[in-house]
Amino acid sequence: FKSLTNVSQFRKWVSFKLHFENVHPEFFRHLLERSPNLTPDDLRFCACLRLNLSSKDIARLLNISPEAVRQRIYRIRKKLSFSSNAELMALLMEI
């Protein structure tokens, strides 16, 4: 994880991922089946989207700019072959 720069951040992510997977057990598996080229950072970002966090909240949580949030949504959308943000969100909410 490029954005997880220290051990504390990594531990927080592992803890979050375990709790997230308890609530949404098939989420990461379904995403990776649909697009095996998603990175761990992409998966983490998709989990934030699945939690319906705002772009502003995601930017604060991941310590990135709001523009970087928009760019990441665009890149993930392309990896999953969707033409709109609505299609991406529909998939993430469906899983």
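In what follows, the structure referred to is the one given above.
(A) Fine view of the pattern of salt bridges. In the structure shown here, the tally under the stated rule is 7 salt bridges. Of the charged contacts in the structure, one is a salt bridge between Arg 44 and Asp 41, with a shortest N-O distance of 3.8 Å. A residue pair is termed a helical-turn pair when its members lie 3 or 4 positions apart in one helix, as Arg 44 and Asp 41 do in helix H3 (residues 40-50) at 3 residues. As a salt-bridge pair, Asp 42 and Lys 79 come within 2.5 Å of each other at their nearest N and O atoms. Placement of the pair is Asp 42 in helix H3 and Lys 79 in helix H5 (residues 66-79), with a sequence separation of 37 residues. On the accessibility criterion, Asp 42 (8% relative accessible area) is buried. For Lys 79, a relative accessible area of 28% translates into the label partly exposed.

(B) Spotlight on unusual backbone geometry. Not every positive phi belongs to a glycine, and Asn 52 is a case in point at roughly 65 degrees. Following the sequence through the fold, Asn 52 ends up in the loop between H3 and helix H4 (55-62). Here Asn 52 falls in the exposed class, since its relative accessible area comes to 59%. The backbone of Asn 63 sits at a positive phi, close to 55 degrees, despite the residue not being glycine. Tracing the backbone through its elements, the reader meets Asn 63 in the loop between H4 and H5. Overall, Asn 63 belongs to the exposed group, its relative accessible area being 70%.

What counts as what
- Residues numbered from 1 in each chain as written.
- Predicted model: local features only at pLDDT ≥ 70, side-chain atom pairs only at ≥ 80, totals over all residues.
- Heavy atoms only, no water.
- Salt bridge = Lys/Arg side-chain N within 4 Å of Asp/Glu carboxyl O.
- Helix = DSSP H or I, 4+ residues; strand = E, 2+ residues; numbered from the N terminus.
- Buried < 20%, exposed > 50% of the residue type's maximum accessible area, 1.4 Å probe, protein only.

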